[in-house]
Amino acid sequence: MKERLLKNNTLIIFLLLLLVSSFTSESFLTITNVTNLLRQVAPIGLISIGMFLVILTGGIDLSVGSIIACVGVAFALLSYEVYFSAGLLLSLLLGVVIGAVSGYLVAYRGVAAFIATLALMTIVRGLGFLLSKGAPVTVGPHSSAILQLGTGSVLGIPLSAILLALVFVIVFIVLKYHVYGRQIIAIGSNEEAVRLSGISVERVKFSVYVISGFLTALAGLMMVGRTGVGTPNIGVGLELDAIAAVVIGGASLFGGKGTVFNTLLGVLILGMIGNIMNLLDITSYMQQLIKGVIIILAVIFQKAQQ
Amino acid sequence: MNFTTPKHCFEMLVLKEISKSFGGVKALKAVNLEVRAGEIHALLGENGAGKSTLMKVISGAHKADSGQIVIDGEVIEHNDPHLAKVHGIGIIYQEFSLIPELTVSENIWFGSGKKTGWLNRKKMDSDASALIHSLGFAIDVKRRVAQLSIAQQQIVEIAKALSQDVKLLILDEPSAVLGTKEVKKLFNLLYTLRDQGVSIIYISHHLDELLELTDRITVLKDGKTVATLETAAADKDKLVNLMVGRELTQLYPEKPDAFPDDEKIGIEELRSGTSRQPMAFDIRKGEILGLGGLVGAGRTEVLESLFGVTHRPPAILRWQERSVSYRSPREAIRGGWGMVPEDRKKHGGILSLSIRDNISLASLGQVANQWGFINHRKEEQVVRELVDRLRIKVGDIHSPLSTLSGGNQQKVVLAKWLNRNLNVLLIDEPTRGVDVGARSEIYHIIQQLANQGMYIVMVSSDMEELLGMSDRIMVMKNGELQGTLDRAEFNEEKILRMAIGAN
């Protein structure tokens, strides 16, 4: 165990960054900042875990950024029509349906994942604009409880972070102890061998896109919960952040390799980079530049140690 | 150059005592070969006699363990593909090396000489066109290779080889994809090249062709040179006799005398590959049915058809008064079938996954509870039992499959099926790339399964293995059944004749 932790480069990068951050800014390790950081990373964390499962099978999901926006808009609109709980369920269902369309195209129609989800990315983004007529939609007063999801805490811990932790634990357990998890990893390693072992490769591939759609919808609700507004143009480029987090976590884009623990670390690493640069008052243009460079360095470090 | 030496006595290529092993398997054992300048020299031998390996040694793709290569009087110490090219060796493999999406002329000039700078398309095209014309063919050099017929691709492949200054051209089964008319054209082309002083090594199983085309024939068997003879002094019987003849070794388990059960599975309407004629045959309980034939005869397709791998209409299986067809491996496995595929690394095992994960992959349901959660303790117990039973040499069942030797990897792929209640096991090339020790163990495991009443169908390109393991042998050629032999009728020569269509 100890050896494995020492060999875990993502963990090393994470700890290094943590160390550097706490020395560079006094306000980094304050309760306010850490809580704030956790709130920020929770939605992208959920998306990244979904993305990780898709990437494990050798696929990719580019539609997540659009799902965030579309689900947010849909929830805001629904808040004027149905009860809060029904709105929640329908919004999550929307994410599931979008994921199912991607999954169907990839698994059963043999469309390349990149192409299928690229098309879905455009379609769903367009759908969000159509539904909202291009303007932000404020959540109705009956559903203001959604703000709890974005800003609420339990015993001082952000509710969104608790949800992320819960999802992480479930996925961790499934990958380690469940037949389904074993199948996901095996498919990413050698699809044909898995098919010849009598496992329905299509069904498993389909399902990871559904899960990705669901987790992204949940993340979309968290984003609405921060501001109480469903915005059709948020989440642009979010898919790239999620992919970056997965890759920094050491997963292979060809599938079959990586752990959900490291994906979570990847999310925290990216979150910390943004956070510390904010604390240091670095302009957002500069931030983008530095972030890209750090991603490259992290991935090279991963490779070098293998 | 000695002017008094007649041209045909001058040796273009000399191989002296070439040996090559892969793992524990000796593919070439001190092979000698002499190819004269301006002759067409046939290389003949069964599957696995070492023809391909020898060819790769000449082309520099493989490095010989020992021995000497002399090209054009020059001793080559460390052969590699580039050096072979420089020495004027051109090679045409069975699988073409053309790039389908490039044009004919782009393919011909691809990888030749020019490394940087601009391309003169006009000149490329006209040169390529002239080259193909000089071979006696007309192909539009601006067409993409993907649009050409297989025969035309073959011509392009040859033109590509000749675009370099070639002194020795090696062709591996070039006629396999050609029709009769095209074969004639190819022969004329080869005659022309020979008369220009090019040496040609021609590898084929078609005895008629070899007798017609070549000047001399070298027969390989079990990685050794058996004989080199003038084609004029050879005939079919002589060649077949040179190719066959060997003692069965102690590798093989004892065969049962009779089968207690008369149960069988009837296979009907099995269509494999190119043949329009469907196949029908029986598999008997407790029997090992061997499928013999040349590589590419459609044997693997038979197994894939039975196992539901291909998208062709599935074969009809009649068993215990029921008739079923499997449209996917999933259905076949539910019906109690298992398959050990030909390519262990691509289809059989998952190299990056652990030994444990590989063994339990086809039977995860049996080590998981009703909610699908895997009981790791139970799983490891099952895996360890199988590892002990098959005597798989592993350090840690959690290490990746890739850490094992070929023989042990193959045992893992077998073990995968033994945790299920299997009725039928299909095995494609059970011991490819497996060393002798592990081979014998694998043979005994397979025989044991048959003795327990399993139906076994085994494809093998290794004649000795086919004879040693099978209770019956079905021989195929070009996707069609040539005949079936019972153990009492087993005869290497007969099988070989059926496989190459010389009966």
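Being a predicted model, the structure only gives us computed values, none of them experimental.

In this assembly, 30 residues from chain B lie in contact with 21 residues from chain A. Interface area for chain B against chain A, summed over the two sides, is near 2,000 Å², with a carbon-plus-sulfur share of 63%. With a closest N to O distance of 2.7 Å, arginine 182 of chain A and glutamate 379 of chain B form a salt bridge. Applying the counting rule to chain B against chain A returns 12 residue pairs in polar contact (both at pLDDT 80 or more). Listed by contribution, the elements that provide at least two residues to the side of chain B that touches chain A are helix H10 (329-334), helix H11 (344-348), helix H12 (355-360), helix H13 (376-389) and helix H14 (406-418) of chain B. In the side of chain B that touches chain A, the residues fall into 16 nonpolar, seven polar and seven charged.

Taken domain by domain, chain B consists of domain 1 (7-243), domain 2 (249-336 + 422-503) and domain 3 (353-420). Measuring from the centre of the C-alpha atoms in domain 1 of chain B to the corresponding centre in domain 3 of chain B gives 44 Å.

Strand pairing in a sheet relies on backbone hydrogen bonds. The paired strands run either parallel or antiparallel. Residues and elements named next belong to chain B. Pairing is mixed across the open sheet formed by six strands, whose spatial order is S16-S17-S18-S13-S19-S20. Edge strands, defined here as strands with exactly one partner in the open sheet, are strand S16 (337-340) and strand S20 (480-486). The sheet shows a mean angle of 20 degrees between the axes of neighbouring strands, direction not considered. Bridge count for S16 against strand S17 (residues 424-428) is four bridges, and the pairing is parallel. Looking at S17, one finds that tryptophan 337 is bridged to valine 424. Its contacts with the sheet place helix H9 (residues 299-307) against strand S13 (288-293), S16, S17, strand S18 (455-459) and strand S19 (472-477), and it is angled at close to 150 degrees to S17.

Let's shift gears to the pairing of S20 of chain B. All names here are of chain B. Of the pairings in the sheet, the one linking S19 to S20 comprises six bridges and is antiparallel in character. Residue pairing across strands places isoleucine 473 opposite leucine 485, the latter belonging to S20. Connecting S19 to the antiparallel partner S20 that follows it, the hairpin turn spans two residues, and asparagine 478 within it adopts a positive phi of roughly 45 degrees.

Here the focus is the packing of helix H4 (residues 64-78) of chain A against helix H5 (residues 84-108) of chain A. Residue and element names in this part refer to chain A. Two numbers describe how H4 lies on H5: the axes approach to 9 Å, and their chain directions differ by 150 degrees. Taken together, H4 and H5 sit at an angle that is classed as roughly antiparallel. The hand of the H4/H5 crossing is right-handed. On the side of H4, the interface is formed by Ile67, Cys70, Val71, Ala74, Phe75 and Leu78, while H5 contributes Phe84, Gly87, Leu88, Leu90, Ser91, Leu94, Gly95 and Ile98. Residue classes in the contact of H4 with H5 are distributed as 11 nonpolar, three polar and no charged.

Turning our eyes to something else, we now look at the packing of aromatic side chains. Following the criterion strictly, the structure yields nine aromatic pairs over all chains and no others. Relative to tryptophan 417 of chain B, the ring of phenylalanine 307 of chain B has its centre 6.3 Å away and its plane inclined at 90 degrees; by these criteria the two rings are edge-to-face. Of the two residues, phenylalanine 307 of chain B is situated in helix H9 and tryptophan 417 of chain B in helix H14; the sequence distance between them amounts to 110 residues. Here the two residues phenylalanine 307 of chain B and tryptophan 417 of chain B agree in accessibility, since each one is buried. Summarising the aromatic geometry, the rings of tryptophan 319 of chain B and tyrosine 455 of chain B are spaced 6.0 Å apart at their centres and angled 85 degrees between planes, so their arrangement reads as edge-to-face. With a gap of 136 residues between them, tryptophan 319 of chain B in strand S14 (residues 316-319) and tyrosine 455 of chain B in strand S18 connect regions that are remote in the sequence. Neither residue differs from the other here; tryptophan 319 of chain B and tyrosine 455 of chain B are each classed as buried. Among the aromatic residues, those joined into a cluster by ring pairs are Tyr104, Tyr108 and Phe206 of chain A.

What counts and what doesn't
Residues numbered from 1 in each chain as written. Chains lettered and ligands numbered in written order. Predicted model: local features only at pLDDT ≥ 70, side-chain atom pairs only at ≥ 80, totals over all residues. Heavy atoms only, no water. Contact = heavy atoms within 4.5 Å. Buried area = accessible area lost by both parts, 1.4 Å probe. Salt bridge = Lys/Arg side-chain N within 4 Å of Asp/Glu carboxyl O. Polar contact = N/O pair within 3.5 Å; in protein donor to acceptor, adjacent residues only side chain to side chain. Helix = DSSP H or I, 4+ residues; strand = E, 2+ residues; numbered from the N terminus. Nonpolar A, V, L, I, M, F, W, Y, C, P; charged D, E, K, R; others polar. Domains from an automatic or database assignment. Pairing = 2+ DSSP bridges. Axes fitted to C-alpha atoms, helices over the stretch in contact; angles between N-to-C directions. Parallel < 35°, antiparallel > 145°, perpendicular 65-115°, else oblique. Left-handed = near helix turned anticlockwise from the far one by under 90°. Phe/Tyr/Trp six-rings, centres within 6.5 Å; stacked < 30°, edge-to-face > 60°. Buried < 20%, exposed > 50% of the residue type's maximum accessible area, 1.4 Å probe, protein only.

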